[in-house]
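Listed here are the chains, written in short residue letters.
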Amino acid sequence: MQAHGKPGTGIGARLRRKEDARFLAGKGNYVSDIAMPGLMDVAFLRSPVAHARIRAVTAPAGAEDRVFRAEDLGGVKPMQAQSGIPGYRASDYPILATGKVRFVGEALAMCLGRNRAEAEDLAGEVTLDLEELPPVVDMLAARRAGAPLVHEHWGDNLFLTTAVDGRIDEVARTAPVVVKREYRMARQCMSPLEGKGVLAYWDDRHGQLVVVTSTQVPHIIRTGLAECLGLEQRLIRVIAPDVGGGFGYKCVLQPEEVAVAWLAMKRRHPVRWIEDRREHLTAGANARQHHYLVTAYADRRGKLLGLDAEVSVDVGAYSVWPFTACLEAAQAGGNLPGPYVVPAYRCKTYSIATNKPPFCPYRGVARPGVCFAIELTIDAIARAVGREPAEVRAENLVPASAMPYNNITNKHYDSGDYPKSLRMAMEAIDFAGIRARQRRGEADGRRIGIGFSTYTEQSAHGTKVFASWGIPIVPGYEQATVRLTPDGGLEIRVGTQSIGQGLETTLAQVASEILTIDPARINVVHGDTALTPYSTGAYASRSMVMAGGAVSRSSTVLAGRIARIGAHLMQCRTEEVRLAEGRVFGPAGDVSLEEIAKVWYLRPDQLPEDVDLGGLEATVGYRPKVDTGAFSYATHAAVVAVDPETGVTQILDYVIVEDCGTLVNPMIVEGQAFGGAAQGIGTALYEESSYDEAGQPLASTLIDYLLPGTTEVPAMRMQHIETPSPYTEHGIKGVGEGGAIAPPAAIVNAINDALAPLGAELGETPATPRRVLAAILAASERQAAE
Amino acid sequence: MIPITLTVNGRRVEATVEPRTHLADFLREQQRLTGTHLGCEQGVCGACTILLDGVPARACLAFAVACDGAEIRTVEGFDGDPLMARLREAFSAEHALQCGFCTPGMLISAYDLIRRLPEADEARIRRELSGNLCRCTGYVGIVAAVQRVLAEVPKAATAPSPAAEASPSARADTPLWGKIKTALGAKPKA
Ligand code: FES
Ligand code: FES
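Since this is a predicted model, take the numbers as computed values, not measurements.

## Describing the interface of chain A and chain B
Across the contact, 56 residues belong to chain A and 45 residues belong to chain B. For the pair chain A and chain B, the summed buried surface comes to about 3900 Å²; carbon and sulfur atoms form 55% of the total. On the chain A side of the contact with chain B, L24, L193 and T710 of chain A bury the most area, a combined 22% of that side's loss. Across the contact surface, chain A and chain B share five salt bridges. Of the charged contacts in the structure, one is a salt bridge between E29 of chain B and R272 of chain A, with a shortest N-O distance of 3.2 Å. Where chain A packs against chain B, one counts 27 residue pairs in polar contact (both at pLDDT 80 or more). By residue number, the principal contributor to the side of chain A that touches chain B is helix α17 (residues 666-686) of chain A, which donates eight residues. Across the side of chain A that touches chain B, the residue classes tally to 27 nonpolar, 16 polar and 13 charged.

## Quick look at the sheet that holds strand β28 (residues 716-721) of chain A
Residue and element names in this part refer to chain A. A sheet is described by the order of its strands in space; here four strands give the open sequence β18-β26-β27-β28, paired in mixed fashion. Because the sheet does not close on itself, it has two edges, and the strands there are β18 (447-459) and β28. Averaged over all neighbouring strand pairs, the angle between strand axes comes to 15 degrees, with direction disregarded. As judged from the ten bridges shared by strand β26 (residues 630-642) and strand β27 (residues 649-659), these two strands associate in the antiparallel manner. Its bridge partner lying in β27, V640 is registered against I651. Here α17 sits on the sheet and contacts β26, β27 and β28; the angle it forms with β28, its principal contact strand, is near 130 degrees.

## Describing the sheet that holds strand β22 (residues 578-580) of chain A
Residue and element names in this part refer to chain A. Here three strands make up an open sheet; going across it, the order is β22-β23-β24 and the pairing antiparallel. Only two strands of the sheet have a single neighbouring strand rather than two, namely β22 and β24 (589-592). Strand-to-strand twist in this sheet, taken as the mean axis angle between neighbours without regard to direction, amounts to 30 degrees. Of the pairings in the sheet, the one linking strand β23 (residues 583-586) to β24 comprises four bridges and is antiparallel in character. Residue pairing for β24: R583 is matched across the bridge by S592. In the packing of helix α16 (residues 593-602) onto the sheet, contacts are made with β22, β23 and β24, and the angle to β24 comes to roughly 65 degrees.

## A few points about unusual backbone geometry
Residues and elements named next belong to chain A. Omega for the peptide link from W321 to P322 comes to 0 degrees, which places this bond in the cis form. Looking along the chain, the bond that leaves T765 and enters P766 is cis, with omega of -15 degrees. Mapped onto the secondary structure, P766 falls in the loop between α18 (743-755) and α19 (769-785). In this structure, A540 takes a positive phi of about 55 degrees despite not being glycine. Within the secondary structure, A540 is located in the loop between β21 (522-525) and α15 (543-570).

## Some words on the packing of helix α2 (residues 82-93) of chain B against helix α3 (residues 103-116) of chain B
Residue and element names in this part refer to chain B. Axis separation between α2 and α3 bottoms out at 10 Å; the angle between their running directions is 125 degrees. With respect to each other, α2 and α3 are oriented oblique. Handedness of the crossing formed by α2 with α3: right-handed. Side by side, α2 and α3 meet where L83, M84, L87, R88 and F91 of the first sit next to T103, M106, L107, I108, A110, Y111, I114 and R115 of the second.

## Comments concerning the pattern of salt bridges
All names here are of chain A. On inspection of all chains with the given rule, the structure shows 71 salt bridges over all chains. Among the salt bridges present, the one from R437 reaches E442, with a minimum N-O distance of 2.8 Å. Accessibility expressed as a relative area gives 28% for R437, which makes it partly exposed. Residue classification places E442 among the partly exposed residues on the basis of a relative accessible area of 23%. Of the charged contacts, one joins R521 and D487 as a salt bridge, the two residues approaching to 3.6 Å between their closest N and O atoms. With R521 in the loop between α14 (503-515) and β21 and D487 in the loop between β19 (478-484) and β20 (490-494), the pair connects residues that are 34 residues apart, well separated along the chain. By relative accessible area, which is 39% here, D487 ends up partly exposed.

## Some thoughts on the nonpolar core
Counting 229 residues, the largest nonpolar core has L209, L225, L229, F452 and I747 of chain A together with F91 of chain B as its most contacted members. The leading source of residues in this core is helix α9 (residues 367-385) of chain A, at eleven residues. If near-sequence neighbours (up to four positions away) are discounted, L225 of chain A is found in contact with V211, G230, I236, V238, L253, E257, V258 and A261 of chain A. Membership of the second largest hydrophobic core comes to 48 residues, among which are L490, L507, C572 and V611 of chain A.

## A few points about the domain arrangement of chain A
All names here are of chain A. If you check the domain split of chain A, you get domain 1 (34-133 + 196-243 + 250-283), domain 2 (364-460 + 630-785) and domain 3 (477-622). Taken together, the contact between domain 1 and domain 3 spans 14 residues of the former and 17 residues of the latter. Between domain 1 and domain 3, a total of about 1200 Å² is buried, with carbon and sulfur atoms accounting for 52% of that surface. When the buried area of domain 1 at its contact with domain 3 is split by residue, Q216, H219 and R237 rank highest and sum to 46% of it. When the shortest N-O distance is used, the salt bridge between D528 and R237 registers 2.6 Å. At the junction of domain 1 and domain 3, the tally comes to six residue pairs in polar contact (both at pLDDT 80 or more). Within the side of domain 1 that touches domain 3, the residues separate by chemical class into nine nonpolar, three polar and two charged.

Quick notes on the rules
Every chain begins its residue count from 1, and numbering advances along the sequence as written. The naming scheme follows written order: chains are lettered A onward, ligands numbered 1 onward. Local features in this predicted model are restricted to residues of pLDDT 70 or higher, and side-chain atom pairs are both shown and tallied only at a pLDDT of 80 or more, whereas totals for entire chains, interfaces and linings draw on every residue. Note: side-chain values were computed over all heavy atoms of the structure, leaving out hydrogens and water. Note on definitions: a residue-residue contact is assigned when non-hydrogen atoms from the two residues lie within 4.5 Å. A quick way to say it: buried area is the sum, across both parts, of accessible area lost when two parts are put together, with a 1.4 Å probe. Any Lys or Arg side-chain nitrogen located within 4 Å of an Asp or Glu carboxyl oxygen qualifies as a salt bridge. Contacts described as polar in this section are N or O atom pairs within 3.5 Å, which, within protein, must combine one atom able to donate a hydrogen with one able to accept it, while residues neighboring in sequence count only if both atoms come from side chains. Numbering of helices and strands runs from the N terminus; a helix is a DSSP stretch of H or I covering at least four residues, while a strand is a stretch of E covering at least two. Note on residue categories: nonpolar means Ala, Val, Leu, Ile, Met, Phe, Trp, Tyr, Cys or Pro, charged means Asp, Glu, Lys or Arg, and polar means any other residue, Gly included. Two strands form a pair only when DSSP identifies at least two bridges running between them. Note on geometry: axes are C-alpha line fits, over the in-contact stretch for helices, and angles between N-to-C directions span 0 to 180 degrees. Angles are sorted into four bins: roughly parallel if under 35 degrees, roughly antiparallel if over 145, roughly perpendicular if 65 to 115, and oblique for all others. Crossings are sorted by hand: turned counterclockwise from the far helix by less than a right angle, the near helix makes the crossing left-handed, and turned clockwise it makes it right-handed. Relative accessibility under 20% of the residue-type maximum defines a buried residue, over 50% an exposed one, and the middle range a partly exposed one, all with a 1.4 Å probe and only protein chains included. Nonpolar core, defined: a set of buried Ala, Val, Leu, Ile, Met, Phe, Trp, Tyr and Cys residues in which side-chain atoms within 4.5 Å join the residues together. Throughout the structure description, domain borders are defined by an automatic or database domain assignment.

And the structure:
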């Protein structure tokens, strides 16, 4: 495949990343790499049981000043994420468990040592007196009357119930084809390779609490810390150094962040907590677990007439801050219709409290679940009407001629050609060839299947969309600062965060596009509330659209000022000059940015009286033309081989055809898509945070929780469609999450395609060998009974 | 506390360690070599991979005391090494890293793989790297980077040789490796 990319160093160039050198040298600087004089470690004593009343937490004699329990954290407030949605029940998420413990892994005490090993020794000596309570582990059981209550005073286990009540009864009465399905997605653990880490100290010189934390959202963390600690925000500085992957895990305030910050203030020496893998896999098992009941109505050709669904989300014990316990269900309800024309729609959602870790928005937020539900349903409809799933899918997709298109849940699909992405994927994966191969059969007895999944990814949604989800912090506009340095280099400051997605490169490309400065001479400063404009941070695939837009706007303002100074130096009119190759060209000569910078900073006496005193630094804000977001979309195609004897699935081929609008750096876009798809493959086939009836996590090592490796993730291929968004600067759409959305649906559709001749069908992730065999067995029992 | 003497990146180090301190903590906290990352401390993820007497090993599974007398090479110990320079270049060109957390371990496993198996095809590369997890890249760029380096080594250097699958102790400098080194000393192809 020809590598996609434009020449030059601006938007569209396949530029190597500026950040690579330090990582390749082993000189990345993550929280756990930071050394400071007097630094001490903490270890958290965590609840060994899922649900219990706390009678006593007792420090060993002589160590009382190094063990901190809830009652020792005087004045620290619990995290409480309020929601504007009527009927929402906020939970108090205590920094250290208070009154009850509500999940295995909940922090009960913070123990201080000269190093982690000593802190863990101390945690091992703390005695717990817990009165165990029956836990509620299964979300559907949690909805039933008489279930144990996670929060007694609620009277039930529901954070929130919502309903989209479209008129569906008429369709239900008359539709010739009715397909009913139940789907489940397992609980998952996001598993960035670097776990969470936080280091805090008091800075006497600035009179500030400095919190260095592995986060996607430094400015939000400052607000949250201030609320919990009762400090003014000017007294807190949050620094995010290199972040070893986030994926959503690091976009919320964590209790450990608050506890460690509090301890640094109390002790006045640096302290840190570095999450270990076991802590992450148990206390951090907080994503993806959805349950669906879907009834789809269609005509005899498989054209959708209506969709009726009930979505349950296992939110766990508390609401995270700030994204609330209902973001997931709200997104699920709004996104279930997917890229399809759905004439009638009804959906009820339940956000259910259980004795599990509090739910976090994981890459794709709800959409891997809804994509799984709708895409499996499309294939089920196709089988019900006896047609090719790909054809039924194509006929139901919103056609390009309908763009921009307002769907049934009021999503404004801005641009693109969804059916084309499907056609291209079919061609790239050799759809006809695979069907022929299936007819021939496999010598080894395995069964081949092909599956597709098409989705939309609402990226960079604006204020109104977030406000409608009722979360306490609504992302708004974005600012960026650009500054020409006295020697003609450029500094960019943004409040959003690079967590591996390459913003140090792509934001430099946007500036380079306008200012024609070589990215090698551009620095992107991020990850420090003291140095950057405010931003809610990196999530919701918003950084490239929002921060990219802001860098573009501020660069444009700076370009104007550069042009005016350049024109003055060349004694011509501003309209006569243009920027190119890092120089300003006039009718009779040119002057470099370096010379212009030198004059502004060092020889301002050479400038005219009426020079713009804003100088060679500009902070400009940005928002897209609409608040409804820019919709990326893609079709993923998978070919699998399923062994009906062992239930093992192997991915033979995987193709992605994606349209994320204008590509800023095709190499990075592909990296995001492939990396996301690898996580989606984990969702589809391997990853599962399972629990026993007592609420004990059963996957607490990477031997039990299977992250896909080089032998599980196949060689993937990608093709681009490039339809610029009409609403964003340069037509950019977000792309960070998309890769993770489609694989569970594409892969399980492929498995079901392989098993269709056996009459077996799966509706659950991960599609483990055991589940595949169970589906085959159930089908043969059903057939025997018939 | 137990005294140990070992070689770290060519430098002789004398230190005292607690019996329970693993090699990765020793390197990171006592030697300030923070390029060796800890992703699991359970021997699964491979982020802590270093060369122990020339052989890839999990620094989180080796006790520092057990490394008395050993020769350790971490990601920081490859300055001037032509193969590692080539690998780093290929990693960047192929976008084989995003957050960079798996990268040091990945580089060391890839380095070892190229030396042992200069003829490895894609399937073999994947099998050899299956002990190193990356959560960001989906491995596409990583596999491509290794393939790129293998392709850059001229044919003469990768002629089949029984030494290709040499035993660990013979890995350090096989005749084949000598040929590759010579080849790598040459200017990279444009
Ligand atoms: S940290 Fe050693 S293998 Fe993961
Ligand atoms: S680059 Fe992030 S884990 Fe590999």
